[in-house]
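# Chain and residue survey
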Amino acid sequence: MHNTLLLTLTAYVFFFLSGFFINIGGAVTNSLATALGTTTAVTGLSFTAFMIGRVAGISGNGHVLRKKSFPKGLYLRLAAGLFCALSAGFLITGHIAAFTVLIFIAGILVGVVYSASNMILVDLYCGPQKAFHISMINFLYSVGGVTSPFLTGLILKQGHAWNRPYLMPAAVVCVFLLVTIRARYSDLYSLNTEGGPTHTDSGTIDAPLWMVSAAIVCFIMAEYSITYWTPVYLREALNKDVLFAGSAVSTFWIAVLIGRFLQSMLISRIRPRLYIISSGILAILSLLALRQLTDNRLIAVGIFVCGLFCSGLFPALFIFGSDRAEHIKHRFPTLMMLSAAAGSFLAMPAGSLIKNVAGVQAVMLTPAVAIGIMTILIIVSGRGSRRRSR
């Protein structure tokens with residue numbers, strides 16, 4: 001198998017693994033709290049350690065993977081293999097403090113593989129090929145986000161302990177290590193796809209690129225606000241039952257899955273900037289309309305439409321930013337991924353603050369406002385630009 005294909009496969013599996021692992025947490029929270037004799041509020045704080053670890057993993061990986069003499073193959077295989085050791089740790093932990101330490105380490109590992117996926121593709125590809133592969137890994141992230149909560153629910157429903165679902169990522173890693181055993185990761189950041197000398201970053205991050213990073217912060221904040229606060233809004237504002245509230249989030253992610261698949265097929269014909277602006281406006285309108293709905297069927301349709309319009313925004317933002325940052329193509333992806341992590345941090349406290357000040361009805365305005373700011377940033381960042389990403 002050609003090495004470029006093996007490296008691309010690594011990026012695909014790593015992004016699927018990220019989406020798969022991250023979305024196990026919400027499904028096991030209640031069982032975890034009961035088993036460890038604590039509350040869901042405390043376990044929520046423990047999962048905050050995961051987010052902190054993820055930032056650390058992204059930051060560290062962005063630094064070490066670019067070093068020419070660094071043993072990249074050993075590093076990436078070790079990072080993946082540690083998921084197996086982590087699964088064993090979850091099986092024997094019996095205290096919330098031990099769980100917090102383990103989930104922090106898991107955050108570092110997810111940050112590493114999440115970051116590595118994007119860095120691999122940015123190094124290997126350019127133009128429409130890069131756009132296609134970035135869209136595909138985001139599609140696979142959504143596949144992981146849809147399948148892992150469902151499989152976790154099945155495992156727990158059979159009476160198994162909260163930690164059994166964490167064996168699933170270990171199984172994914174074992175298959176990955178077997179399939180990519182012949183991959184040469186030393187080729188990364190040392191040779192380009194034509195076998196010539198590697199690209200060397202030059203220049204600084206200018207104002208338009210900072211705007212792209214800020215736009216990513218806003219979108220991820222909006223996405224996390226939708227998936228976290230929509231069930232709260234449905235339960236507290238509309239008195240919907242817990243099954244319907246949870247199903248609404250699943251409906252959103254199914255729409256995201258479909259939308260990202262369609263985008264990956266059409267990405268070569270899409271102008272990222274125009275796509276972001278038009279999809280952003282439609283997403284805002286659909287989110288505002290969702291607040292007016294009370295019938296279950298209409299809400300389900302409304303959240304599905306929101307998911308479709310939101311689905312391609314993150315991969316489009318990433319493609320748009322990386323296209324504009326060819327002069328710093330090895331540094332800028334790390335900043336974009338850190339921006340995404342920052343957005344995920346902001347969603348919970350921002351929603352809590354708005355809920356306390358203005359009530360639960362106002363919480364659903366958070367994602368609409370965030371996407372509105374994102375759209376304005378992209379419009380402003382493109383003014384006067386003659387780059388092909390326009």
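Residues numbered from 1 in each chain as written. Predicted model: local features only at pLDDT ≥ 70, side-chain atom pairs only at ≥ 80, totals over all residues. Heavy atoms only, no water.

## Considerations on the overall build of the protein
The secondary structure content of the protein amounts to 15 helices and 0 strands. The C-alpha atoms of the protein give a radius of gyration of 20 Å, which matches the 21 Å a tight globule of 390 residues would have. When the backbone C-alpha atoms are referred to their principal axes, the protein occupies close to 60 × 55 × 30 Å. Residue burial in the protein is summarised as follows: out of 390 residues, 56% are buried. Residue pairs in contact within the protein that sit at least 24 positions apart in sequence constitute 85% of those at least 6 positions apart. Carbon and sulfur atoms provide 68% of the accessible area of the protein, an area that totals close to 16200 Å². Where the 28 positive side-chain charges of the protein centre and where its 11 negative ones centre are 1 Å apart. (Helix = DSSP H or I, 4+ residues; strand = E, 2+ residues; numbered from the N terminus. Rg over C-alpha atoms; globule rule 2.2 N^0.38 Å. Buried < 20%, exposed > 50% of the residue type's maximum accessible area, 1.4 Å probe, protein only. Contact = heavy atoms within 4.5 Å. Areas by Shrake-Rupley, 256 points an atom, 1.4 Å probe, with all protein chains shown as cover. Lys, Arg positive; Asp, Glu negative; His and termini not counted. Charge placed at Lys NZ, Arg CZ, Asp CG, Glu CD.)

## Some words on a nonpolar patch on the surface
Taken together, the side chains of I254, I258, F261, L262, M265, L266 and L308 present a nonpolar region at the surface, about 580 Å² in accessible area. Here F261 shows up in helix α9 (residues 242–266). In this structure F261 comes out as partly exposed when scored by relative accessible area, which is 38%. (Patch = residues over 30% accessible without salt bridge, like charges linked within 9 Å, V, L, I, M, F, W, Y side chains within 5 Å. Salt bridge = Lys/Arg side-chain N within 4 Å of Asp/Glu carboxyl O.)

## Observations concerning the packing of aromatic side chains
Enumeration over the complete set of coordinates arrives at 16 aromatic pairs. Pairing F14 with F176 gives two aromatic rings, centres 5.0 Å apart and planes at 50°, and the pair type is tilted. Taken together, the positions of F14 in helix α1 (residues 3–22) and F176 in helix α7 (residues 167–179) put the pair 162 residues apart, joining distant regions of the chain. Here the aromatic cluster, defined as three or more aromatic residues joined through ring pairs, consists of F21, F50, F83, F90, F99, W162 and Y166. The residue whose ring lies beneath R54 is Y114, and the NZ or CZ to ring-centre distance is 4.8 Å. (Phe/Tyr/Trp six-rings, centres within 6.5 Å; stacked < 30°, edge-to-face > 60°. Lys NZ or Arg CZ within 6 Å of the ring centre and 35° of its normal.)

## Some words on the environment of A370
As for its position among the elements, A370 is in helix α15 (residues 365–382). Placed 151 residues apart in sequence, A370 and F219 show a C-alpha to C-alpha distance of 6.4 Å. When neighbours within four sequence positions are excluded, A370 is seen to be in contact with C218 and A222.

## Points about the confidence of the model for the protein
For the protein, mean pLDDT is 85; residues scoring 70 or higher make up 94% of the total. Here residues 384–390 is a poorly scored stretch, pLDDT under 50, and it has 16 contacts once near neighbours within four places are set aside; other chains count. (pLDDT = per-residue confidence, 0-100.)

## Observations concerning the nonpolar core
In this structure, F21 and I103 are the most contacted members of the largest nonpolar core, which totals 124 residues. When sequence neighbours within four positions are dropped, the list of residues in contact with I103 reads F21, S46, F47, A49, F50, F90 and Y166. (Core = buried A, V, L, I, M, F, W, Y, C linked by side-chain atoms within 4.5 Å.)

## Observations regarding the packing of helix α8 (residues 207–236) against helix α12 (residues 313–324)
Interhelical geometry of α8 versus α12 gives an angle of 165° and a closest axis separation of 10 Å. In this view, α8 runs roughly antiparallel relative to α12, as classed from their interaxial angle. Both α8 and α12 take part in a crossing whose hand is left-handed. Facing α8, whose interface residues are P208, L209, V212, A215, I216, F219 and I220, α12 presents L313, F314, L317, F320, G321 and R324. In terms of residue class, the contact of α8 with α12 is made up of 11 nonpolar, 1 polar and 1 charged. (Axes fitted to C-alpha atoms, helices over the stretch in contact; angles between N-to-C directions. Parallel < 35°, antiparallel > 145°, perpendicular 65-115°, else oblique. Left-handed = near helix turned anticlockwise from the far one by under 90°. Nonpolar A, V, L, I, M, F, W, Y, C, P; charged D, E, K, R; others polar.)

## What about the side chain of T180?
Position of T180 among the secondary structure elements: in the loop between α7 and α8. A polar atom in the side chain of T180 sits 2.7 Å from the backbone oxygen of F176. (Polar contact = N/O pair within 3.5 Å; in protein donor to acceptor, adjacent residues only side chain to side chain.)

## Looking at the side chain of S286
Position of S286 among the secondary structure elements: in helix α10 (residues 272–290). Given the relative accessible area of 9%, S286 is considered buried. In terms of polar contacts, S286 uses its side chain to reach the backbone carbonyl oxygen of A283, at 2.8 Å. Ignoring sequence-local partners within four residues, the contact set of S286 consists of V305, C306 and F309.

## Some remarks on the pattern of salt bridges
Taken as a whole, this structure holds 4 salt bridges when the rule is applied. A salt bridge links R297 to D295; the shortest N-O distance between them is 3.8 Å. What makes D295 partly exposed here is its relative accessible area of 32%.

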